[in-house]
Amino acid sequence: MILSAKQREVFRFFGGQRDMLIADGAVRSGKTFALVHGFLFWAASLGNRLDFALAGRTIGAIKRNIIHPYIVPLRDDPDIEALGGISVNWSEHFFTFGGNSFYWFGGDKETSQFLIQGKTLAGLLVDESVTLLRSFLDQAIARCSVEGAKIVFSCNPGNPRHYFKTDFIDRAEELNAQYQHWDMDDNPALSE
C-alpha cells in the first residue's frame, strides 16, 4: 500500500510527544483512512484492557464513516487475526481489537455528554469534529486521563468563527497539538 507523506506523518504522530492531532481539509483527501489505521495500531501497541472512544455527530455517522468502511474489512485480515482479531458488538456500539475496547458515541445532543461521562479513556478519535456539540467534546477530552492518551480530530472546513477553529485549530501549539491541512493530493488512492 502506498501512503502519502501526510498519511505517514499521521503514523509518526502516534510515536511522538504531541497529545493531539488535528487534520482538516478536503473531502476524499485520505485523512480518515490514516487517522483510523494509525489510531487502531497505536492502541493495539499499548497492551490490553484499555478503553478508547470513537466520536461523531451520531452513532449512525460513526458506523457509516468508520465502522463499515474501515473496521469491518479488517476482520478478514490475517495480520489483524494475529493481533487477536476484531469483534464488533453492534447493539452495544463497540468493538474489541488487540484486547482493547473501542466505544462509539454520538455528540450532537445536549444529553450526549452524559453518555461518555465516567469513562476512563486511553485515546479518542473524533470524526467530523465541527458537527459535535462543545459540551460533548469537552467531556470526551476530559475522559482521556490514561497516561500518554492521544486525541485525534478530523474535520472538513467550516465557519472560521466555529469554536473548533478558534479554540482548537488556532490554539494548536498551545494545546500541544499537531495541525495538518489536507488536500486531494494527499490521497494517493485517487486518480487524477
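Computed from a prediction, not measured in an experiment: that's the story for all the values here.

## Side note on the overall build of the protein
Broken down by element type, the protein carries seven helices and eight strands. Its C-alpha radius of gyration of 16 Å places the protein within 12% of the 16 Å reference for a compact globule of 192 residues. Across its three principal directions, the C-alpha atoms of the protein cover 45 × 45 × 30 Å. Going through the 192 residues of the protein one by one, you find that 48% of them count as buried. For the protein, the proportion of contacts with a sequence separation of at least 24, taken over those separated by at least 6, is 72%. A total accessible area of about 9,400 Å² is found for the protein, and carbon and sulfur atoms account for 50% of it. Mean positive and mean negative side-chain charge positions of the protein (19 and 23 charges, respectively) differ by 3 Å.

## A short note on the packing of aromatic side chains
One pass over the structure, following the stated rule, counts 17 aromatic pairs. Ring centres 5.8 Å apart and planes at 65 degrees place the aromatic pair Trp90 and Trp104 in the edge-to-face group. Note that Trp90 is positioned in the loop between strand 3 (86-89) and strand 4 (94-97) and Trp104 in strand 5 (residues 100-106), a separation of 14 residues in sequence. Judged by relative accessible area, Trp104 falls into the buried class, the value being 3%. Site record: aromatic cluster; members linked through ring pairs are Phe13, Phe14, Phe39, Trp42, Phe52, Phe95 and Phe102. A cation over a ring is seen here: Lys119 above Tyr103, with NZ or CZ 3.7 Å from the ring centre. Between Lys150 and the ring centre of Phe13, over which it is positioned, the NZ or CZ distance is 4.8 Å.

## Digging into unusual backbone geometry
One non-glycine residue, His93, lies in positive phi territory at about 60 degrees. Looking at the secondary structure, you find His93 in the loop between strand 3 and strand 4.

Conventions adopted
- Residues numbered from 1 in each chain as written.
- Predicted model: local features only at pLDDT ≥ 70, side-chain atom pairs only at ≥ 80, totals over all residues.
- Heavy atoms only, no water.
- Helix = DSSP H or I, 4+ residues; strand = E, 2+ residues; numbered from the N terminus.
- Rg over C-alpha atoms; globule rule 2.2 N^0.38 Å.
- Buried < 20%, exposed > 50% of the residue type's maximum accessible area, 1.4 Å probe, protein only.
- Contact = heavy atoms within 4.5 Å.
- Areas by Shrake-Rupley, 256 points an atom, 1.4 Å probe, with all protein chains shown as cover.
- Lys, Arg positive; Asp, Glu negative; His and termini not counted.
- Charge placed at Lys NZ, Arg CZ, Asp CG, Glu CD.
- Phe/Tyr/Trp six-rings, centres within 6.5 Å; stacked < 30°, edge-to-face > 60°.
- Lys NZ or Arg CZ within 6 Å of the ring centre and 35° of its normal.

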